[in-house]
Amino acid sequence: MRDALLTERAKAARKAPTPAEQKLWLALGAERFAGVKFRRQKVIGPFIADFASNVPPLVIELDGHLHGTTVEYDSERTAYLTRAGYRVVRFTNADVMHNLDGVLCILEDVVHDPLSQPSPPRGRGL
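Procedures and definitions
- Residues numbered from 1 in each chain as written.
- Predicted model: local features only at pLDDT ≥ 70, side-chain atom pairs only at ≥ 80, totals over all residues.
- Heavy atoms only, no water.
- Axes fitted to C-alpha atoms, helices over the stretch in contact; angles between N-to-C directions.
- Helix = DSSP H or I, 4+ residues; strand = E, 2+ residues; numbered from the N terminus.
- Parallel < 35°, antiparallel > 145°, perpendicular 65-115°, else oblique.
- Left-handed = near helix turned anticlockwise from the far one by under 90°.
- Contact = heavy atoms within 4.5 Å.
- Nonpolar A, V, L, I, M, F, W, Y, C, P; charged D, E, K, R; others polar.
- Phe/Tyr/Trp six-rings, centres within 6.5 Å; stacked < 30°, edge-to-face > 60°.
- Buried < 20%, exposed > 50% of the residue type's maximum accessible area, 1.4 Å probe, protein only.

**Let's talk about the packing of helix H2 (residues 19-28) against helix H5 (residues 100-112)**
Two measures define how a pair of helices packs: the angle their axes make with one another and the distance between the axes.
Then, in step 1: Interaxial distance between H2 and H5 falls to 11 Å at its minimum, and their mutual angle equals 50°. With respect to their mutual orientation, H2 and H5 come out oblique. Two packed elements cross with a definite hand, and for H2 against H5 that hand is right-handed. Counting all contacts with H2, which are made through Lys23, Leu24, Ala27 and Leu28, the residues of H5 involved are Leu100, Val103, Leu104 and Leu107.
Then, in step 2: The residue makeup of the contact of H2 with H5, split by class, is seven nonpolar, no polar and one charged.

See the structure below:
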């Protein structure tokens, strides 16, 4: 039952993305990352990742204003996704909205060399 609920929540989130999610989604689909297929609102275990690719195993999380109050939850989520084999990279919504080129440069480094760029701490990295 929990899986069905998560799937429904993911579908609903895909239908109503935040402005930052929509902006990043359009940029991810612009063939900048040839050969990398990103999915939006992908269910991974008990979590829904904002964006994820299988090859390379990468999760992109966009943190809104509420994420400052969910540090413990975000840490558990990142630990779970890391154990599942994903690299987790976090950005704030503001990063995407005001510095999309910087976000895309970091993602390009991560996609082409997964160990080259550390994940910005709690989405406050650019």
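The discussion continues.
**Remarks on the packing of aromatic side chains**
Then, in step 1: Applying the stated criterion across every chain, the model contains four aromatic pairs.
Then, in step 2: An angle of 70° between the planes, with centres 5.8 Å apart, marks the rings of phenylalanine 47 and tyrosine 73 as edge-to-face. Pair noted here: phenylalanine 47 is in strand E2 (residues 47-53) and tyrosine 73 is in helix H3 (residues 71-83), with a separation of 26 residues, a long-range link.
Then, in step 3: For tyrosine 73, a relative accessible area of 42% translates into the label partly exposed.
Then, in step 4: A network of ring pairs unites the aromatic residues Phe47, Tyr73 and Tyr80 as a single cluster.

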